[in-house]
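Residues per chain are reported as follows:
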Amino acid sequence: MQARFITVEGIEGVGKSTHMAFIQQWLEARGVKVETSREPGGTPLAEQIRDLLLSPRTENMPEMAELLMMFAARSVHLENRIRPALEQGRWLLCDRFTDATFAYQGAGRGMDTDRIAELEEAVQGDLRPHLTLLLDAPVEVGLGRARARGEADRFELEAVEFFRRVRQGYLARAKADPGRVRIVDASGSLEQVQADLVEVLEKAWAQWQTGQGA
Ligand code: TMP
């Protein structure tokens, strides 16, 4: 089967790490070897850009600089890791990708989404994830969990309203591209969320086996 690029999205604290491990296990139980990665980051250079993006600092970070650094990290990750992996038949499961830019920089910061789409095209060409799992939960649930984890990064310092816009931005992405972006309710019990994930994965798997679904 052709290697697939799967992304996992959602606001902070929706349980991405736990659910990514579960998705990886589910796929590996079906005989595919899956690498995991994350954005911003995923290679040594892109991880350095991640540090620049996430560390709280006293100097202002202009929104445009933030947007361009997200895409700079993405370009490094794509050329040095994602494309080579897919070309060599290795599956990649990635914690966030460009939907996060539309949600955080677009909906969250209010940046022009046409401009984000132009950068997406310039950096990625026609490369898009084959499947995106959007873990959705009310902002209060997610932020509560994220803040309990300890020191906040530059994004976690944002106000609740910012994350409400981000969540809506994600839901709008899912609505605009329902074939690729599947919403999974992440507010329930672990068993419930995993049951929903399995349902989505089984459907996608069946399509991939017949060569459908991008
Ligand atoms: P996390 O992966 O540990 O959640 O942290 C990454 C942070 O970066 C998170 O707050 C979301 C943010 N982010 C963006 O604002 N835009 C992006 O394009 C990506 C990939 C992440």
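All of the points below concern the structure found in this document. Bear in mind the structure is a predicted one, so any value in this text is a computation, not a measurement. (Residues numbered from 1 in each chain as written. Predicted model: local features only at pLDDT ≥ 70, side-chain atom pairs only at ≥ 80, totals over all residues. Heavy atoms only, no water.)

**Some thoughts on the overall build of the chain**
Logical step 1: Counting secondary structure elements, the chain contains eight helices and five strands.
Logical step 2: Going from the N terminus to the C terminus, the chain shows its helices and strands as β-α-β-α-α-β-α-α-β-α-α-β-α.
Logical step 3: The C-alpha atoms of the chain give a radius of gyration of 17 Å, which matches the 17 Å a tight globule of 214 residues would have.
Logical step 4: By principal-axis analysis of the C-alpha atoms, the chain measures approximately 50 × 40 × 30 Å.
Logical step 5: In the chain, which comprises 214 residues, the proportion classed as buried is 50%.
Logical step 6: For the chain, the share of sequence-separated contacts (at least 6 apart) that also reach a separation of at least 24 residues comes to 78%.
Logical step 7: Averaged over its 27 positive side-chain charges, the chain has a centre that lies 2 Å from the centre of its 33 negative ones. (Helix = DSSP H or I, 4+ residues; strand = E, 2+ residues; numbered from the N terminus. Rg over C-alpha atoms; globule rule 2.2 N^0.38 Å. Buried < 20%, exposed > 50% of the residue type's maximum accessible area, 1.4 Å probe, protein only. Contact = heavy atoms within 4.5 Å. Lys, Arg positive; Asp, Glu negative; His and termini not counted. Charge placed at Lys NZ, Arg CZ, Asp CG, Glu CD.)

**Focus on the pattern of salt bridges**
Logical step 1: Under the definition given, this model contains 19 salt bridges.
Logical step 2: Taking the shortest distance from any N to any O, the salt bridge between Lys 33 and Glu 28 comes out at 3.9 Å.
Logical step 3: Residue classification places Lys 33 among the exposed positions, given a relative accessible area of 65%. (Salt bridge = Lys/Arg side-chain N within 4 Å of Asp/Glu carboxyl O.)

**Quick look at the side chain of Arg 74**
Logical step 1: Looking at the element boundaries, Arg 74 is found in helix α3 (residues 63–87).
Logical step 2: Within the local environment of Arg 74, its side chain forms a polar contact with the backbone oxygen of Phe 97, the two atoms lying 3.4 Å apart.
Logical step 3: Among the polar contacts made by the side chain of Arg 74, one reaches the side chain of Thr 98 at a distance of 3.4 Å. (Polar contact = N/O pair within 3.5 Å; in protein donor to acceptor, adjacent residues only side chain to side chain.)

**Concerning helix α7 (residues 160–176)**
Logical step 1: The end-to-end C-alpha separation of α7 is 25 Å, in line with the 24 Å expected for 17 residues at 1.5 Å each.
Logical step 2: Buried within α7 we find Phe 162, Phe 163, Val 166, Arg 167, Gly 169, Tyr 170 and Ala 174. Projection of α7 onto a plane perpendicular to its axis shows the buried side chains occupying an angular sector of 155 degrees, all on one side. Residues of α7 that are exposed and point over 90 degrees away from its buried face: Lys 175 and Ala 176.
Logical step 3: Residues of α7 that are buried make contact with β1 (5–9), α4 (98–108), β4 (131–136), α6 (139–148) and β5 (181–185). (Expected span 1.5 Å × (residues − 1). Arc of directions from axis to C-beta.)

**Here we look at the site of the ligand**
Logical step 1: Taken together, 14 residues surround the ligand, and among them Glu 12, Arg 50, Arg 96, Thr 101 and Gln 105 come closest.
Logical step 2: Residue Arg 50 places a side-chain N or O atom 3.0 Å away from an oxygen atom belonging to the ligand.
Logical step 3: At 2.6 Å from an oxygen atom of the ligand is found a side-chain nitrogen or oxygen belonging to Thr 101.
Logical step 4: When the ligand is considered free in solution it has 480 Å² of accessible area, and contact with the protein chains removes 92% of it.
Logical step 5: Element by element, the count of residues in the shell around the ligand is highest for α4, at four residues. (Near = heavy atom within 4 Å. Areas by Shrake-Rupley, 256 points an atom, 1.4 Å probe, with all protein chains shown as cover.)

**Details of the layout of surface pockets**
Logical step 1: By volume, the largest pocket amounts to about 530 Å³.
Logical step 2: In this structure, the largest pocket is lined by 26 residues; those nearest its centre are Glu 12, Lys 16, Arg 50, Asp 95 and Arg 96.
Logical step 3: Taken together, the elements giving at least two residues each to the lining of the largest pocket come down to α1 (16–28), α2 (44–54), α3 and α4.
Logical step 4: With four residues, the top contributor of residues to the lining of the largest pocket is α4.
Logical step 5: When grouped by side-chain class, the residues that make up the lining of the largest pocket number nine nonpolar, six polar and eleven charged. (1 Å grid on protein atoms, 1.4 Å probe; cavity = no way out; pocket = protein on both sides within 12 Å on 5 of 7 lines; lining within 4 Å. Points joined across faces, edges and corners; volume = space filled by probe spheres on them. Nonpolar A, V, L, I, M, F, W, Y, C, P; charged D, E, K, R; others polar.)

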